[in-house]
Every structure is written in C-alpha cells, then in structure tokens.
Amino acid sequence: MLRIAVLVSGGGTNLQAILDAIDEGIVNHAQVAVVISSSHDAYALERAAKYGIKSRCVSPKDYENEEMFTEALMGALDEEHTDLVVLAGYLVILPRPVIQAYKNRIINIHPSLIPSFCGKGYYGLKVHEGVLERGVKITGATVHFVDEGTDTGPIILQRAVEVKPGDTPQALQQRVMEEAEWLILPKAIDLIANGKVAVVDGRVQIHK
C-alpha cells in the first residue's frame, strides 16, 4: 500500500479529487496517510478531518529559519513512512534537502501544458491570466516529478483543455481543474502505486 503525504496550501480541491478517486476504486493500492498544510486556516485540513486522515500545519512562518522548517517538514514526512509526496496546490518552494531525500517520489500538478506558462511567477490564476493574454487555443494540466528547478521535472501525464471565447481566468481555472487536473493527478498516483512509472534518463516511461 503506497502511503501518500498530500501537501496543500488552500481549499484542497485536488486533495478531494484524490480522496474521491480512492473511494471509487480509480486509485488502487494507495492511501492518504497525512495531509500537511502550509497554512493554519486551509480548508484542506477540514477535508482531511472529515475522512479521519491525520493532518498538521507545517508553515515556514512558524520557524526562525529555513533549516528549522526543513527539519520539521522532513520529520512530518518521515514520521508517516511516506512513499509518495503529492503537491496539490502547495504554494511553498520545497527545501532542497526534501527534494533530494524524496527523489522521484514527489509529484506536482501544474495548471498548464508544461513547458508553456510554467516556472517562476506562474501559479494559481496567474497561469490562466497568461494563457488568455497570449491568446492560445489549447491549455491543460501537467503532472510531473519535482526536481530542484521550478516545473522542470520529468513529465508523467498531460491533458489538454480547450480555451473558449469569453473565458475569464476564473472560468478557465475551473474548467482546467474539472477536465484535466482532477483526472490526471489521481491517474498518476494509481500508475505509481501499481509500479507502472519509471524515470529513465530524465524521462518518464509508463509500463502497461
């Protein structure tokens, strides 16, 4: 059974998608062991409580320096014997020691088709604002492994979403979540939990 730590900062809609997928049997051989929030008032913590899932807040603001924050976060992950770290709307840059300790065991969902509209400064609504400003016709979402760069790790899954005339950033954000993020994040977890994902020469190979 793959033990997952889901890291969140806000409402936890992607967390909910994971929990729903586990309940529906879309994700097999995996369980959410802990939800770790960077914010004390994140609604995602309430979602965890409703499912009886252990949760805690590990916020950089609560520690004197990055080293202490890193130690606390690493301790929270190790304590739960975490197999896979899932960044689901997590707005904190992961400390390098965590990335190195969990190499190829941290995945992130990004609301665009990487390498478009990603990297420094592209998060939340800013991604969708960028898409609309550029006038692209197709956007989407990407699940990728996390490395030391920003949105630069090996890509696991992508799904395209049409940009429609009259879209607002908010409307596009909702459609990307519904038509892409909430589908491919659970699917990626299921593939990993069932040993179907490998990283070879910096690229993901998916085995049937």
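The next point concerns the layout of surface pockets. Volume-wise, the largest pocket comes out at about 970 Å³. Residue lining of the largest pocket: 39 residues in total, with Gly89, Tyr90, Leu91, Asn108 and Tyr123 positioned closest to the centre. Mapped by element, the contributors of at least two residues to the lining of the largest pocket are α1 (13–23), α4 (96–101), β5 (106–110) and α6 (169–193). There is about 180 Å³ of room inside the second largest pocket.

The next thing to look at is the packing of aromatic side chains. A complete count under the given rule lists 2 aromatic pairs for this structure. On the numbers, 6.3 Å between centres and 50° between planes, the contact of Tyr63 with Phe69 is tilted. According to the relative accessible area criterion, Tyr63 is partly exposed, its value standing at 28%. A residue is classified by how much of its surface remains accessible, and Phe69, at 3% relative accessible area, is buried. Ring geometry for Phe117 versus Tyr122: centroids 6.0 Å apart, planes at 85°, classification edge-to-face.

Moving on to the nonpolar core. Counting residues in each nonpolar core, the largest one holds 42 residues, and the members touching the most others are Val6, Val86, Ile107, Ile156 and Ile189. A total of 10 residues in this core trace back to one element, the largest contributor, which is α6. Setting aside anything within four residues of it in sequence, one finds Ile189 in contact with Leu2, Ile4, Ile18, Val27, Ala30, Leu84, Val86 and Ile107. Counting residues in hydrophobic clusters, the runner-up holds 20 residues, among them Leu7, Phe69, Leu77 and Val98.

We now examine the side chain of Asp190. By the element assignment, Asp190 lies in helix α6. Polar side-chain contacts of Asp190 include one of 2.8 Å to the backbone nitrogen of Asn28. Among all residues touching Asp190, those that are not within four sequence positions of it are Ile26, Val27 and Asn28.

Here we take up the sheet that holds strand β2 (residues 30–37). Reading across the sheet, the 7 strands line up as β3-β2-β1-β4-β5-β6-β7 and stay open at both edges, with mixed pairing between neighbours. Unpaired on one side and paired on the other, β3 (54–57) and β7 (155–162) mark the two borders of the sheet. Going across the sheet, the axis of each strand differs from the next one's by a mean of 20°, ignoring polarity. Direction of pairing for β5 relative to strand β6 (residues 138–145): antiparallel, over a ladder of 4 bridges. By the bridge assignment, Ile109 is partnered in β6 with Val143.

Here we take up the side chain of Glu181. Inspection of the secondary structure puts Glu181 in helix α6. The side chain of Glu181 sits in the buried core without any salt bridge; Arg159 is the nearest counter-charge, 11 Å away. Within the local environment of Glu181, its side chain forms a polar contact with the side chain of Asn14, the two groups lying 3.0 Å apart. Sequence-distant contacts of Glu181, defined by excluding residues within four places in its chain, comprise Asn14, Ile109, Pro111, Ala141, Val176 and Pro186.

Scoring rules and cut-offs
Residues numbered from 1 in each chain as written. Predicted model: local features only at pLDDT ≥ 70, side-chain atom pairs only at ≥ 80, totals over all residues. Heavy atoms only, no water. 1 Å grid on protein atoms, 1.4 Å probe; cavity = no way out; pocket = protein on both sides within 12 Å on 5 of 7 lines; lining within 4 Å. Points joined across faces, edges and corners; volume = space filled by probe spheres on them. Helix = DSSP H or I, 4+ residues; strand = E, 2+ residues; numbered from the N terminus. Phe/Tyr/Trp six-rings, centres within 6.5 Å; stacked < 30°, edge-to-face > 60°. Buried < 20%, exposed > 50% of the residue type's maximum accessible area, 1.4 Å probe, protein only. Core = buried A, V, L, I, M, F, W, Y, C linked by side-chain atoms within 4.5 Å. Contact = heavy atoms within 4.5 Å. Polar contact = N/O pair within 3.5 Å; in protein donor to acceptor, adjacent residues only side chain to side chain. Pairing = 2+ DSSP bridges. Axes fitted to C-alpha atoms, helices over the stretch in contact; angles between N-to-C directions. Lys, Arg positive; Asp, Glu negative; His and termini not counted. Salt bridge = Lys/Arg side-chain N within 4 Å of Asp/Glu carboxyl O.

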